[in-house]
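Here are the chains, one letter per residue:
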Amino acid sequence: MNQKDLKRYKKMLEDSKTSLLESAKKTLVEESSFDTDDLPDEIDLASSEYAQSMVFRLRDREKFLLQKIDRALARIEDGTFGVCERCEEDISPKRLEARPVTTLCIRCKEEQEKKEKSYG
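Computed from a prediction, not measured in an experiment: that's the story for all the values here.

### Some points on the pattern of salt bridges
- Applying the stated criterion across every chain, the model contains 7 salt bridges.
- One salt bridge in this structure joins D15 and K11, with 3.0 Å as the shortest N-O distance. Taken as a pair, D15 and K11 lie in helix α1 (residues 3-32) at a separation of 4 residues, close to a single helical turn.
- A salt bridge links E62 to R59; its shortest N-O distance comes to 2.3 Å. With E62 and R59 both in helix α2 (residues 42-78) and 3 residues apart, the pair spans about one turn of that helix.
- Under the relative-accessibility criterion, R59 is labelled partly exposed at 22%.
- Residues joined in a network through salt bridges with shared partners are D5, R8 and E97.

The rules behind the values
Residues numbered from 1 in each chain as written. Predicted model: local features only at pLDDT ≥ 70, side-chain atom pairs only at ≥ 80, totals over all residues. Heavy atoms only, no water. Salt bridge = Lys/Arg side-chain N within 4 Å of Asp/Glu carboxyl O. Helix = DSSP H or I, 4+ residues; strand = E, 2+ residues; numbered from the N terminus. Buried < 20%, exposed > 50% of the residue type's maximum accessible area, 1.4 Å probe, protein only.

See below:
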């Protein structure tokens, strides 16, 4: 992979990371101001707690994505970005465009998903 493409992928990953971190900070500020005394009844409280739970679940998923982004950035630095971890062939540019954090080529990913379904 040439340096121009690596720089582009690095920028994509860094922009995603920045966006996720800003979103997390915003949520932290909004959720820290949550006051159960402002809710008039149990139904409102339950609804609010459910919504808060969903937000925290999404943030947990974003935390996992941040870890993937950091690993992808490390692979750019060590020269292994864009190479499949399993078969060691190049990952197609279309796949990297769609999912720059990927570590598997499409063929290996499909095999992995088939195995997961069979253990289901």
